There are 2 protein chains.
Amino acid sequence: MTYYLYYWPGIQGRGEFVRLTLEAGGADYVDVGREQGAAAVADAMDACRPPFAPPFLQADKQLIGQTANILHFLGPRLKLSPTSEQGRHWALQLELTIADLVVEAHDVHHPISPELFYEEQQDEARRTAQVFVRERLPKFLGYFERVLNGNGGGALWMIGRSLSHVDLSLFQVLTGLEYAFPSAMQGLAERHPDLMALRDRVAGLDRIAAYLDAPRRIPFNEDGIFRHYPELDFGNH
Amino acid sequence: MTYYLYYWPGIQGRGEFVRLTLEAGGADYVDVGREQGAAAVADAMDACRPPFAPPFLQADKQLIGQTANILHFLGPRLKLSPTSEQGRHWALQLELTIADLVVEAHDVHHPISPELFYEEQQDEARRTAQVFVRERLPKFLGYFERVLNGNGGGALWMIGRSLSHVDLSLFQVLTGLEYAFPSAMQGLAERHPDLMALRDRVAGLDRIAAYLDAPRRIPFNEDGIFRHYPELDFGNH
């Protein structure tokens, strides 16, 4: 079974959450945007049940859009989600909360609109960044650390005893936040040691370590979700 | 089976998407926040698998958070979602796209941060509102109209031949947008007749019509997601 991932080339973006799960699951997949260009992604959106935006995944003749929905679909197929219905709802719930954090992290540099350039909303972005770093980021990280600790003493993963797409997505968010807000994250990392240990654990998985070293892992850059603009990196002390 | 909905009293908010599905499904439910106050909602968040924020639903001993996840859970139980796995993923995909629109509609009046009052970000909100009305709203409404039309000629509902939580959530978004942006929506309604007919069809369902007339339907107000601030209601012509 070959999966086809459709996402814009050149950025990690939301496509990266899908890539990490495909990589960790050892799936055979084609990264259509990177192999055939952005036009191939745009063309594929003209479907009978069209996605609103990339990323979307093709599995046989089924097209699945929305990042959390894609991971909810892939989880059982790649053995990267709980097996019970209750567990799968919990995984989807956490994945959607990660998605909320991703939106807020993105909107730091695009507070007025995704339709305008950063340079058109730079002053507003400075205001947003301060509140994000001071209020929102600690709230989200505190929540995820609490969930991890609530999963039994010394829990290795977010849910039960197995790696899931939730761990992979948390790795991606934490790594992205450290890229975008190194000063803020320095202070926060010390206060969330178990979450940072989880990030390291994911980075050390054989398949993920190999992927992170490979040329197909696109570096973070200032066209993606997580952007390092020094003027927005307010320290959190 | 009695469901317990936990949401802040006083606003429709995200809780309303859950209420509409519970009402349309004829479910027996307790609206805990309205019956017991906000403290009861806050207390219930201190759970073993805690939600990040309301709304969340209790079904037996299971606690389910994140609006789209709750609807994905309720869908099959209340016969308000497709029955095939493929259909359920499509419903979740559309529900998550509605959720994206809800975030953007909310952020029009809170572009800088949800942690600040509207009055602290009113100037920025005016900028956001203009782009939202001109660019984002037509993009989302055009998408949903296209999906509806793609569901076969003269389709009554968004998916297949049956009412689903997607139709109910679209009704809520469209109604909220008309409350918040009456000028903008006047022009857009004319260009999306099938979507507006869908909204009317939902409003006319026996259970929904009864609910909308009942005192338990909280009116829209300026503490919720959809707020009517005349200074943000730019026309779309």
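Conventions adopted
Residues numbered from 1 in each chain as written. Chains lettered and ligands numbered in written order. Predicted model: local features only at pLDDT ≥ 70, side-chain atom pairs only at ≥ 80, totals over all residues. Heavy atoms only, no water. Helix = DSSP H or I, 4+ residues; strand = E, 2+ residues; numbered from the N terminus. Buried < 20%, exposed > 50% of the residue type's maximum accessible area, 1.4 Å probe, protein only. Domains from an automatic or database assignment. Contact = heavy atoms within 4.5 Å. Buried area = accessible area lost by both parts, 1.4 Å probe. Pairing = 2+ DSSP bridges. Axes fitted to C-alpha atoms, helices over the stretch in contact; angles between N-to-C directions. Salt bridge = Lys/Arg side-chain N within 4 Å of Asp/Glu carboxyl O. Least-squares fit on C-alpha atoms with pLDDT ≥ 70 in both. Arc of directions from axis to C-beta. Polar contact = N/O pair within 3.5 Å; in protein donor to acceptor, adjacent residues only side chain to side chain. Nonpolar A, V, L, I, M, F, W, Y, C, P; charged D, E, K, R; others polar.

Peer 1: Talk me through the overall build of chain A; I want residue IDs and the actual numbers.
Peer 2: Within chain A, the secondary structure is distributed over 10 helices and four strands. Ordered by position from N to C terminus, the α and β elements of chain A give β-α-β-α-α-β-β-α-α-α-α-α-α-α. Its C-alpha atoms put chain A at 50 × 45 × 30 Å along the principal axes. Within chain A, the proportion of its 237 residues that are buried is 60%.

Peer 1: Mind laying out the domain arrangement of chain A, listing which residues take part and the relevant values?
Peer 2: Residue and element names in this part refer to chain A. Domain assignment breaks chain A into domain 1 (2-77) and domain 2 (85-232). Between the C-alpha centres of domain 1 and domain 2 the distance comes to 20 Å. Listed per partner, the contact involves 22 residues of domain 1 and 26 residues of domain 2. For the domain 1 and domain 2 pair, buried surface summed over both sides reaches about 2200 Å², with 63% attributable to carbon and sulfur atoms. For domain 1, the biggest contributors to the area lost against domain 2 are Q12, F17 and L20; these three give 28% of the whole.

Peer 1: Lay out the sheet that holds strand 3 (residues 56-59) of chain B in plain terms, naming residues and giving numbers.
Peer 2: All names here are of chain B. Pairing is mixed across the open sheet formed by four strands, whose spatial order is 2-1-3-4. In this open sheet, the two strands that pair with only one neighbour each are strand 2 (28-31) and strand 4 (62-65). Each adjacent strand pair in this sheet contributes to an overall mean axis angle of 25°, direction not counted. By the bridge criterion, four bridges tie strand 1 (residues 2-6) to strand 2 in an arrangement that is parallel. Each residue of the ladder has a partner; that of L5, found in strand 2, is D31.

Peer 1: Give a detailed account of the pattern of salt bridges, specifying residues and quantitative values.
Peer 2: Residue and element names in this part refer to chain A. Taken as a whole, this structure holds 24 salt bridges over all chains when the rule is applied. Here R217 and E16 are joined by a salt bridge, their closest N and O atoms 2.7 Å apart. Taken together, the positions of R217 in the segment after helix 10 (206-213) and E16 in helix 1 (residues 15-24) put the pair 201 residues apart, joining distant regions of the chain. Taking the relative accessible area as the measure of exposure, E16 reaches 0% and is therefore buried. Each of E16, R19, D31 and R217 takes part in a single network of salt bridges with overlapping partners.

Peer 1: Tell me what's going on with the relation of the copies chain B and chain A, and back it up with residues and numbers.
Peer 2: With an axial shift of 0.0 Å and an RMSD of 0.0 Å, the rotation relating chain B to chain A amounts to 180°. Expressed as an axis order, the relation between the two copies is that of a two-fold axis. When C-alpha positions in chain B are compared against the rotation axis, the closest is assigned to P111 of chain B, at 2.7 Å. Taken as a fraction of all interface residues of chain B, those also at the interface in chain A reach 100%, which identifies the copy contact as same-surface.

Peer 1: Describe helix 9 (residues 193-203) of chain B, listing the residues and the values that go with them.
Peer 2: Note that an α-helix has 3.6 residues per turn; residues three or four places apart therefore point the same way. Residue and element names in this part refer to chain B. Of the positions making up helix 9, those classed as buried are L195, M196, L198, R199 and V202. Down the axis, helix 9 shows its buried residues gathered within 150° of arc, on one side only. Contacts made by the buried residues of helix 9 are with helix 6 (122-150), helix 7 (165-180), helix 8 (182-191) and helix 10 (206-213).

Peer 1: Please give an account of the interface of chain B and chain A that cites residues and values.
Peer 2: Each partner contributes to the interface: chain B provides 48 residues, whereas chain A provides 48 residues. Of the roughly 4500 Å² buried between chain B and chain A, counting both surfaces, carbon and sulfur atoms make up 54%. When residues of chain B are sorted by the area they lose upon contact with chain A, R49, F52 and R127 of chain B head the list and together hold 16% of the total. Across the chain B-chain A interface, the total number found is eight salt bridges. Here E115 of chain B and K139 of chain A are joined by a salt bridge, their closest N and O atoms 3.1 Å apart. Linking chain B with chain A are 25 residue pairs in polar contact (both at pLDDT 80 or more). Listed by contribution, the elements that provide at least two residues to the side of chain B that touches chain A are strand 4, helix 4 (67-77), helix 5 (85-109) and helix 6 of chain B. The element contributing the most residues to the side of chain B that touches chain A is helix 5 of chain B, with 12 residues. When its residues are assigned to classes, the side of chain B that touches chain A shows 21 nonpolar, 13 polar and 14 charged.

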